[in-house]
Amino acid sequence: MRPKTILIAKRYTEQGGIFVVCSGRETTSITRILRESNLDKGLLVSFQGARITDLNTGENIFDGGLDGKVAIDILNSVEYSGLTPLAYVGNTFFYNEFNPYVERYEKAVRLKGFVTDVKEYIRENKLKTSKICWLGEDKTVNEVADQMNEKYKGSGVKFNSG
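A. Looking closely at the sheet that holds strand 6 (residues 92–95). Taken together, the four strands give an open sheet; going across it, the order is 7-6-5-8, and neighbouring strands pair in mixed fashion. Strands at the two margins of the open sheet, each flanked by one partner only, are strand 7 (114–115) and strand 8 (131–135). Of the strand pairs in this sheet, strand 5 (residues 84–89) and strand 6 are connected by four bridges, and their pairing is antiparallel. Note that in strand 6 the partner of Leu86 across the bridge is Tyr95.

This is how it looks when you write it as structure tokens:
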């Protein structure tokens, strides 16, 4: 976060305002950044809106996500395209195999994921996912996002890249 943004947010909260951060990132990744900036009060909307956390108490006010069957369908499409899928369950992410894309992702989010058969893990444990990502060449990532948006049009599920 930029120093000017931090200063404005601090002034706002000192005057009684509730500071809300919205991010596509995972919850603990953002709370770490907020703590480092002394902005760990207020609300955090993470996982593209799938979770809302009260930063004062650490309580998840809302914890949505994708149904396991929908997640597995999306992961199948991602795998078919040749991209590297990863899925968040809670604050932990899983992927099928480690590669340079996963390595770069882990550095960017400052978290470590776990290697497993992602679809089988979701299926066996009847889990919903907080977020699904796919990693690879930008052009293919964007094409798959467009395909998924078309496939799930009108369902409330949205895909983006970047």
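B. Geometry of the nonpolar core. Within the largest apolar cluster, 20 residues are counted, with the highest numbers of intra-cluster contacts made by Ile74, Ile122, Ile132, Trp134, Met148 and Phe159. Secondary structure elements with two or more residues in this core: helix 3 (68–80), strand 5, helix 5 (118–125), strand 8 and helix 6 (138–151).

C. Representation of the pattern of salt bridges within the structure. Using the criterion set out here, one finds eight salt bridges in the structure. Lys107 is paired through a salt bridge with Glu103; the nearest N and O atoms lie 4.0 Å apart. In this pair, Lys107 and Glu103 are both assigned in helix 4 (residues 100–109), four residues apart and thus about one turn of the helix distant. Lys107 gets classed as exposed once you look at its relative accessible area, which sits at 62%.

D. Highlighting the packing of helix 3 against helix 5. For the pair helix 3 and helix 5, interaxial distance at closest approach is 10 Å and the crossing angle is 170°. By the angle between their axes, helix 3 is roughly antiparallel relative to helix 5. In this structure, helix 3 contributes Gly68, Ala71, Ile72, Leu75, Asn76 and Glu79 to the contact, and helix 5 contributes Val118, Lys119, Ile122 and Arg123. Across the contact of helix 3 with helix 5, the residue classes tally to five nonpolar, two polar and three charged.

E. Local environment of the packing of aromatic side chains. Going through the model one piece at a time under the given rule, you end up with nine aromatic pairs. Taken together, the ring pairs in this structure connect Phe47, Tyr88, Phe93, Tyr95, Phe98 and Tyr105 into an aromatic cluster.

F. Quick look at the side chain of Asp54. Within the secondary structure, Asp54 sits in strand 3 (residues 51–54). This buried residue, Asp54, is left without a salt bridge; Lys41 holds the nearest opposite charge, at 8.8 Å.

Analysis parameters
- Residues numbered from 1 in each chain as written.
- Predicted model: local features only at pLDDT ≥ 70, side-chain atom pairs only at ≥ 80, totals over all residues.
- Heavy atoms only, no water.
- Pairing = 2+ DSSP bridges.
- Helix = DSSP H or I, 4+ residues; strand = E, 2+ residues; numbered from the N terminus.
- Core = buried A, V, L, I, M, F, W, Y, C linked by side-chain atoms within 4.5 Å.
- Buried < 20%, exposed > 50% of the residue type's maximum accessible area, 1.4 Å probe, protein only.
- Salt bridge = Lys/Arg side-chain N within 4 Å of Asp/Glu carboxyl O.
- Axes fitted to C-alpha atoms, helices over the stretch in contact; angles between N-to-C directions.
- Parallel < 35°, antiparallel > 145°, perpendicular 65-115°, else oblique.
- Contact = heavy atoms within 4.5 Å.
- Nonpolar A, V, L, I, M, F, W, Y, C, P; charged D, E, K, R; others polar.
- Phe/Tyr/Trp six-rings, centres within 6.5 Å; stacked < 30°, edge-to-face > 60°.
- Lys, Arg positive; Asp, Glu negative; His and termini not counted.

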